[in-house]
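# Notes for the structure review
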Amino acid sequence: MSDRITINYENKPCYDIVFGYDFNELGSEIEGLGFKDRKIAIVTDSNVKPLYADSVAEALKSVSDKVFIYDIPAGEANKNLSQIEKIYKFLIENHFDRHDLLVALGGGVVGDMTGFTAATYLRGIAYVQIPTTLLSQTDSSIGGKTGVDLEGYKNMVGAFYMPRLVYMNISTLSSLDGRQFASGFAEVMKHGLIKDANLYTWLLENMYEINDKEPETLMEMVMNSCKIKKAVVEKDPTEKGDRALLNFGHTLGHAIEKHKNFELFHGECVALGCVAAAFISWKKEFISMEEYYEIRDMFVPFNLPISVEDIDADEVIKLAKSDKKADSDRIRFILLKGIGKAFISTDVTEADMKSALDEIIYIESND
Ligand SMILES: NC(=O)c1ccc[n+]([C@@H]2O[C@H](COP(=O)([O-])OP(=O)(O)OC[C@H]3O[C@@H](n4cnc5c(N)ncnc54)[C@H](O)[C@@H]3O)[C@@H](O)[C@H]2O)c1
């Protein structure tokens, strides 16, 4: 029996997250959802396909003999409507109907695109998430946010559409390169910082095991992180209130990501954004100086940046203000009242952001 967590939507069980170290339970899970003998399209990307698509297809053999594999070229640059159109065409040519199933096998890009295809193809077809990056296992595969980018605007087109199952095979993390792993870890750390001081402490205590990708430690970390994401998305499924806490580190992080032309990874920018937001929390006297420095330095052993070169603070602030999450002219900034205690502030000024950015730009000379 695998471990599982049920995600509720509008106070009713909606889908399960199943945790394992292989794909052995996948067939029976999908059969249990009623897809016996239905067509199944595994949507993956060009990097993940050679690693795991055959194993997933093999695991689905017992459910159906009509299993297809479709791959998207890997990378955020392909998270767009023209690639979605190609997936639609593939489904039409293979006569997929509303009772069939899509399976997203890959990171957040594949998950968001497959979910969006599922939300819109024939006005809605079922889909299952099999996340294979740390970011997608702990964050993007849960909560039903799907979408694509449009002309450089991230996640501008999308839908809330819940998967029927999230199947985590922790072993897939073993093939992830170090920088991708660290980038996903930034979101785990964020979960601890916003909601769970115990997770935060546990991460510190298990630093070596995490960096060595020790399977049982990764399992515990992914499960605990999923529980936090569950609590947040169940309370606020369509991001009207509490779910905004997940944007901790993202207001400035996202703007830095754009300003640096996506040359830094998302999680690396989130780490920088978390440091900046913790700095503002300290300056506004919500946390102590000691807490700020502890939070800042915690990213270092996990190979995440706490300072950045060559950014123009005014440009970053402009980008942060133009982000779609900015509420008219007041930015809803997420700050900390302590480790594990995030809240929404609408009192963060441009001057606050400027001093936080100066801190992370010139951090070495400040020490
Ligand atoms: N829907 C949400 O709630 C939500 C939340 C956070 C982020 N996101 C989205 O997630 C995306 C980022 O996700 P990501 O970081 O997983 O990026 P990604 O999907 O681009 O994956 C990163 C890279 O790792 C490769 N890869 C994936 N799994 C692998 C494995 N097991 N072994 C080796 N290589 C592997 C991929 O091919 C890709 O090159 C962004 O588009 C972001 O907007 C969505």
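Notes on the structure follow. (Residues numbered from 1 in each chain as written. Predicted model: local features only at pLDDT ≥ 70, side-chain atom pairs only at ≥ 80, totals over all residues. Heavy atoms only, no water.)

Attention now moves to the overall build of the chain. When helices and strands are tallied, the chain shows 15 helices and 11 strands. In terms of C-alpha radius of gyration, the chain reaches 20 Å, essentially the compact-globule figure of 21 Å for 367 residues. For the chain, the C-alpha atoms occupy an extent of roughly 60 × 40 × 40 Å along the three principal directions. When each of the 367 residues of the chain is scored for burial, the buried share is 56%. Put simply, of all contacts in the chain between residues at least 6 apart along the chain, 75% involve residues at least 24 apart. (Helix = DSSP H or I, 4+ residues; strand = E, 2+ residues; numbered from the N terminus. Rg over C-alpha atoms; globule rule 2.2 N^0.38 Å. Buried < 20%, exposed > 50% of the residue type's maximum accessible area, 1.4 Å probe, protein only. Contact = heavy atoms within 4.5 Å.)

The next thing to look at is a nonpolar patch on the surface. Together, L81, L150, Y153 and M156 give the surface a local cluster of nonpolar side chains, amounting to about 370 Å² of exposed area. Residue position: L81 is located in helix α3 (residues 81-93). (Patch = residues over 30% accessible without salt bridge, like charges linked within 9 Å, V, L, I, M, F, W, Y side chains within 5 Å. Areas by Shrake-Rupley, 256 points an atom, 1.4 Å probe, with all protein chains shown as cover. Salt bridge = Lys/Arg side-chain N within 4 Å of Asp/Glu carboxyl O.)

Where helix α7 (residues 197-205) meets helix α9 (residues 215-235), the closest approach of the two axes is 11 Å, and the angle between their N-to-C directions is 160 degrees. Judged on the interaxial angle alone, α9 and α7 are roughly antiparallel. The interaxial crossing formed by α7 with α9 has left-handed handedness. The segment α7 lies against α9, with L199, W202 and L203 engaging T217, E220, M221, N224 and I228. For the contact of α7 with α9, the residue count by class is 5 nonpolar, 2 polar and 1 charged. (Axes fitted to C-alpha atoms, helices over the stretch in contact; angles between N-to-C directions. Parallel < 35°, antiparallel > 145°, perpendicular 65-115°, else oblique. Left-handed = near helix turned anticlockwise from the far one by under 90°. Nonpolar A, V, L, I, M, F, W, Y, C, P; charged D, E, K, R; others polar.)

A full pass over the atoms with the stated rule returns 14 aromatic pairs. Residues Y127 and Y161 carry aromatic rings whose centres are separated by 5.8 Å and whose planes lie at 10 degrees to one another, so their mutual orientation is stacked. Residue Y127 is located in strand β6 (residues 126-131), and its partner Y161 is located in the loop between β8 (153-160) and β9 (165-169); the two are separated by 34 residues in the primary sequence. Accessibility expressed as a relative area gives 1% for Y127, which makes it buried. According to the relative accessible area criterion, Y161 is partly exposed, its value standing at 24%. The interplanar angle of 55 degrees and the centroid separation of 4.9 Å between the aromatic rings of Y292 and Y293 together place this pair among those described as tilted. Overall, Y292 belongs to the buried group, its relative accessible area being 0%. An aromatic cluster is defined as three or more aromatic residues linked by ring pairs; in this entry it consists of F68, Y70, F90 and F96. (Phe/Tyr/Trp six-rings, centres within 6.5 Å; stacked < 30°, edge-to-face > 60°.)

With that settled, consider the packing of helix α10 (residues 250-259) against helix α11 (residues 266-283). The interhelical angle for the contact between α10 and α11, taken along N-to-C directions, is 135 degrees, at an axis separation of 7 Å. For the element pair α10 / α11, the angle class is oblique. In this structure, α10 crosses over α11, and the sense of that crossing is right-handed. Taken together, the residues of α11 that come into contact with α10 (itself represented by H250, L252, G253, I256 and E257) are H266, C269, V270, L272, G273 and A276. Of the residues assigned to the contact of α10 with α11, the class counts are 6 nonpolar, 4 polar and 1 charged.

Right, let's talk about the sheet that holds strand β2 (residues 12-20) for a bit. The 7 strands lie next to each other as β1-β2-β9-β6-β5-β3-β4, forming an open sheet whose pairing is mixed. Where the open sheet ends on each side, the last strands, each with one partner, are β1 (3-9) and β4 (67-72). Direction aside, the axes of adjacent strands within the sheet are offset by 20 degrees on average. In terms of strand pairing, β6 meets β9 through 2 bridges, oriented parallel. Counted as the bridge partner of Q129 is V166 from β9. (Pairing = 2+ DSSP bridges.)

Around the ligand there are 25 residues in total, and D45, E76, T132, T133 and S175 lie nearest to it. N155 is positioned with one of its side-chain polar atoms (N or O) 3.3 Å from an oxygen atom of the ligand. One of the backbone nitrogen or oxygen atoms of T172 is found 2.9 Å away from a nitrogen atom of the ligand. Summarising the interface, the protein chains cover 88% of the accessible area of the ligand, which totals 870 Å² for the free molecule. Where the shell around the ligand is concerned, the elements lending two or more residues are α2 (48-60), α4 (108-120), α5 (134-140) and β8. Its residues assigned to classes, the shell around the ligand shows 7 nonpolar, 10 polar and 8 charged. (Near = heavy atom within 4 Å. Polar contact = N/O pair within 3.5 Å; in protein donor to acceptor, adjacent residues only side chain to side chain.)

Quick look at the state of the cysteines now. Overall, the coordinates contain 0 disulfides when judged by the stated rule. With no disulfide of its own, C14 has C226 as its nearest cysteine by sulfur position, at a separation of 15 Å. Residue class for C14 comes out partly exposed when judged on its relative accessible area of 30%. (Disulfide = S-S within 2.5 Å.)

Okay, the pairing of β2 next. With 7 bridges connecting them, β1 and β2 associate as antiparallel partners. Within the sheet, the bridge partner assigned to I7 lies in β2 and is Y15. Linking β1 back to β2 in an antiparallel pair, the connection comprises 2 residues, with E10 at a positive phi of about 50 degrees. Bridge count between β2 and β9: 5 bridges; the pairing is parallel. Considered in β9, the bridge of I17 is made with V166.

Taken by themselves, the reported measurements are silent on function.
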